[in-house]
Number of protein chains: 4
Amino acid sequence: MSRGNTRQRIQEVALELFAARGYEKTSLREIAEHLGVTKAALYYHFKTKEDIVISLFEDLGGPCDELIAWASGQPSDLETKLEVLRRYSEVLKHAAPLFRFMQENQATMRELSIGESFKGRLMKLLDIIQLPDAELSDQVRCSASLFTMHAGMFTMQTIEADPEDKRLAVLEVAQEMLTTAHKGHD
Amino acid sequence: MSRGNTRQRIQEVALELFAARGYEKTSLREIAEHLGVTKAALYYHFKTKEDIVISLFEDLGGPCDELIAWASGQPSDLETKLEVLRRYSEVLKHAAPLFRFMQENQATMRELSIGESFKGRLMKLLDIIQLPDAELSDQVRCSASLFTMHAGMFTMQTIEADPEDKRLAVLEVAQEMLTTAHKGHD
Amino acid sequence: MSRGNTRQRIQEVALELFAARGYEKTSLREIAEHLGVTKAALYYHFKTKEDIVISLFEDLGGPCDELIAWASGQPSDLETKLEVLRRYSEVLKHAAPLFRFMQENQATMRELSIGESFKGRLMKLLDIIQLPDAELSDQVRCSASLFTMHAGMFTMQTIEADPEDKRLAVLEVAQEMLTTAHKGHD
Amino acid sequence: MSRGNTRQRIQEVALELFAARGYEKTSLREIAEHLGVTKAALYYHFKTKEDIVISLFEDLGGPCDELIAWASGQPSDLETKLEVLRRYSEVLKHAAPLFRFMQENQATMRELSIGESFKGRLMKLLDIIQLPDAELSDQVRCSASLFTMHAGMFTMQTIEADPEDKRLAVLEVAQEMLTTAHKGHD
DNA sequence: GATGAATGAGCGTTCATTCAT
DNA sequence: TATGAATGAACGCTCATTCAT
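Criteria and thresholds
- Residues numbered from 1 in each chain as written.
- Chains lettered and ligands numbered in written order.
- Predicted model: local features only at pLDDT ≥ 70, side-chain atom pairs only at ≥ 80, totals over all residues.
- Heavy atoms only, no water.
- UniProt positions renumbered as here; feature names shortened; annotations may be inferred.
- Helix = DSSP H or I, 4+ residues; strand = E, 2+ residues; numbered from the N terminus.
- Near = heavy atom within 4 Å.
- Polar contact = N/O pair within 3.5 Å; in protein donor to acceptor, adjacent residues only side chain to side chain.
- Nonpolar A, V, L, I, M, F, W, Y, C, P; charged D, E, K, R; others polar.
- Salt bridge = Lys/Arg side-chain N within 4 Å of Asp/Glu carboxyl O.
- Buried < 20%, exposed > 50% of the residue type's maximum accessible area, 1.4 Å probe, protein only.
- Contact = heavy atoms within 4.5 Å.
- Buried area = accessible area lost by both parts, 1.4 Å probe.
- Least-squares fit on C-alpha atoms with pLDDT ≥ 70 in both.
- Domains from an automatic or database assignment.
- Axes fitted to C-alpha atoms, helices over the stretch in contact; angles between N-to-C directions.
- Parallel < 35°, antiparallel > 145°, perpendicular 65-115°, else oblique.
- Left-handed = near helix turned anticlockwise from the far one by under 90°.
- Disulfide = S-S within 2.5 Å.

Going by an unreviewed UniProt entry, chain A carries the name TetR/AcrR family transcriptional regulator and comes from Streptomyces marispadix.

On to the UniProt feature "domain: HTH tetR-type" (unreviewed entry) in chain A. Within the UniProt annotation, "domain: HTH tetR-type" (unreviewed entry) is assigned to residues 4-64 of chain A. Each end of residues 4-64 of chain A is marked by a C-alpha atom, and these two atoms are 28 Å apart; helix forms 77% of the span and strand 0%.

Turning next to the protein's contact with DNA strand E. In the vicinity of DNA strand E, 36 residues are found, and the nearest of them are Thr-38, Tyr-44 and His-45 of chain B, Thr-38 of chain C together with Tyr-43 of chain D. Here DNA strand E approaches the protein such that, of its atoms within 4 Å, sugar and phosphate make up 64%. In the environment of DNA strand E, a phosphate oxygen lies 2.9 Å from a nitrogen or oxygen atom belonging to the backbone of Leu-28 of chain A. Here a phosphate oxygen of DNA strand E sits 2.6 Å away from a polar atom, N or O, in the side chain of His-45 of chain B. Elements represented by at least two residues in the surface near DNA strand E include exactly α2 (28-35) and α3 (39-45) of chain A, α3 (39-45) of chain B, α3 (39-45) of chain C together with α2 (28-35) and α3 (39-45) of chain D. For the surface near DNA strand E, the class distribution of residues is 14 nonpolar, 14 polar and eight charged.

We now examine the pattern of salt bridges. Counting across every chain of the model gives 64 salt bridges over all chains. Residue Arg-110 of chain A pairs with Glu-104 of chain B through a salt bridge whose shortest N-O separation is 2.0 Å. Of this pair, Arg-110 of chain A sits in the loop between α7 (106-109) and α8 (113-129) while Glu-104 of chain B sits in helix α6 (residues 96-104), placing the two residues on different chains. We note a salt bridge from Glu-90 of chain D to Arg-86 of chain D, for which the minimum N-O separation is 3.7 Å. Of this pair, Glu-90 of chain D and Arg-86 of chain D both sit in helix α5 (residues 78-94), four residues apart, which is roughly one turn of the helix. We classify Glu-90 of chain D as partly exposed; its relative accessible area is 29%. For Arg-86 of chain D, a relative accessible area of 33% translates into the label partly exposed. Connected through salt bridges with shared partners, the residues Glu-83, Arg-86, Arg-87, Glu-90, Lys-93, Glu-164 and Arg-167 of chain A form a single ionic network.

Looking now at the interface of chain C and chain D. On the side of chain D, 40 residues touch chain C, which itself brings 40 residues to the contact. Of the roughly 3400 Å² buried where chain C meets chain D, counting both sides, 62% is carbon and sulfur surface. Summed over the shared surface of chain C and chain D, the number is 10 salt bridges. A salt bridge links Arg-141 of chain C to Glu-176 of chain D; its shortest N-O distance comes to 2.5 Å. At the junction of chain C and chain D, the tally comes to 12 residue pairs in polar contact (both at pLDDT 80 or more). Broken down by secondary-structure element, the contributors of at least two residues to the side of chain C that touches chain D are α1 (6-21), α6 (96-104), α7 (106-109), α8 (113-129), α9 (136-154) and α10 (163-182) of chain C.

Moving on: the relation of the copies chain A and chain B. Note on the copies: chain A fits chain B at an RMSD of 0.1 Å, the axial shift is 0.0 Å, and the rotation between them is 180 degrees. Read as a symmetry element, the transformation amounts to a two-fold axis.

All names here are of chain A. Under the domain assignment used here, chain A contains domain 1 (1-47) and domain 2 (50-182). Spacing between the C-alpha centres of domain 1 and domain 2 amounts to 28 Å. Opposite the 13 residues of domain 1 that make contact, domain 2 presents 15 residues. Buried surface at the junction of domain 1 and domain 2, summed over both partners, amounts to about 1200 Å²; 70% is from carbon and sulfur atoms. Counting the surface domain 1 buries against domain 2, the share from its top three residues, Leu-15, Ala-19 and Tyr-23, is 45%. Our count for the contact surface shared by domain 1 and domain 2 stands at zero salt bridges. Counting across the interface, domain 1 meets domain 2 through four residue pairs in polar contact (both at pLDDT 80 or more). With seven residues, the top contributor of residues to the side of domain 1 that touches domain 2 is helix α1 (residues 6-21). Each residue belonging to the side of domain 1 that touches domain 2 can be placed in one class, and the counts come to eight nonpolar, two polar and three charged.

Attention now moves to the packing of helix α1 (residues 6-21) of chain D against α2 of chain D. All names here are of chain D. Relative orientation of the contacting elements α1 and α2 amounts to 125 degrees, with a least axis distance of 10 Å. Viewed along their axes, α1 and α2 adopt a mutual orientation that is oblique. Pair α1 / α2 crosses with right-handed handedness. Side by side, α1 and α2 meet where Arg-9, Ile-10, Val-13, Ala-14, Leu-17, Phe-18 and Arg-21 of the first sit next to Glu-30, Ile-31, His-34 and Leu-35 of the second. Residues that form the contact of α1 with α2 fall into these classes: seven nonpolar, one polar and three charged.

On inspection of all chains with the given rule, the structure shows zero disulfides over all chains. Cys-64 of chain D supplies the cysteine sulfur nearest to Cys-142 of chain D, a cysteine that is in no disulfide, at a spacing of 19 Å.

Okay, structure coming up:
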């Protein structure tokens, strides 16, 4: 019946539950029950509970690092930054539930090894976007352009619309903020 | 030894730990130890762990409700909305650690009774701010103006500056977004 | 407001709750809350939780001992025994809730000092009633006559009738059993 | 080490301790220690403490229900009722410790789900035995015939004799009471 | 005559984890 | 690939009890 896909099914169910009820409140028992297997089976596939989370983020590190690497090789101008936002938006799209999980479990993430590593990436992206010597309000605009995209994906569930349309609208607003920030700085 | 201030000290330590390590990961034992009392002492002052959180939010509900009430009696124009943002910023200022806690423990808050109640308030504020029939990007701008203020207070710890200056900068950016959203809608 | 009657009110409420929910499941907090006083107030009137129970039984020991003493001075014939049952029935009537409590918390009573003391009294009554050298079935009849009266008062709540009428009926049946037991033994 | 018999050993030890010291006063720690396992091990085999009790009663429900079912299909005459007592006595024999536990923890049983269910069965038996329109004393005789058998098994520990002989003596007395009750009613 | 504040011990329960099979 | 059985640690919570005021 279950072929080699059990590992994947664990990841799916785990992400679903972690996102829905939080990392701490989701027990391995629950995950196992949802899957119709034993807790011990999870331990055949993953060394620890944290390991499951780590595996979830595995596919995400690559694209992020690539984005950072690409941006580092570009001139640090507005055009590059707008493209960074665009590409980041795309990354977010493909990992929406994961980002929702991150967003809603920040306190927990801070204690998970993987958390630090993603916080680092975020900081690097921010460094790329940021205008370090501009006025405070422009710095805020830069930061906000990034965080708006995070929040935009999950917190704005009030607005009913096609997800893809919403993503593009969020991206547009974020890019606009970044552009405003760069008025007079180049 | 400790007089009538124990209840308050519990609240202080609890907030500190909840904010630092998350609600679930903070045990009553830890809180008690930090205070030099027994777990049972906490239960003399609070009925449950959740009750401690509720008490923390108690002083916050009032100001929020007042703000909502005030706004409901005003014309729903840009001027009113800008003032709502300004006042909300002030509320946030006085309850910064609490909002940080909310922000970072969203998954947990969702399961706490108090969480629902604050989500409700947020939705009402959003209703007041929102332009329901505008283009998607303008709706996003409205939402983002509110959430930027939340995120702005705690997530932008990268930007080093006087907290009050930062708050005003965040407010300025948020108000600007809202103004942009209202261009052509009145 | 509350004069010297607090001690009594504690006893009343305690008995009520002990009978309703059992000794172990009834906490001093509950008793105190029912009375509108603090737990500590209970400790002003009684040294321990067990002490409350003991005090409840205080008024009961006397009549029982008197009954035993009286019977010991009488000839050990059927007539005496029937009178013992009659008098015991009267004692039971005046302490109905207390006996219900005993009956329903036997396991607990066994661990309470007062329990042993009442078990002792019961054994003495049984000794008085019993026909030690009779056939087994007659011995059972003697024992049963006593226990029927216990059970009869509280377990037979199915039968709807005036309590006093029921008591007399129970007594009649018990006496009848005892009489049957004594057929051929004198 | 211990094979598939742990579950059973838990039941045995639990029943022993519940009967000896009462349900509330018997902690899971005690049970575990008696078995040389951890508290957590108990939870591998039973979902809750109450679940252990429920499992103890599991084998008992069937025979009782069968008895009730059988009696319901018979004419409601004395002969049937005497046979009911006889069969019930046999059921009691096979579950003596369990009945002792019930008897001595009535207050507790009332709060346990299983308690209600057994009270229900008892009421049905009583309904079968009872003479609803007879004089009070005859109704008492009917009830008492049933309760005598309960009490007879455990409360009459004073009488030293072979348990089986005692059981038969108790049954005889109970049947006799029932017969007396039916004099003149048919 | 009673309270406010606290304690120490213990409870039932759940958890992530282990390991022989 | 997985399970059955178990563990040790911790958790949130309640209890009877104490004592200064």
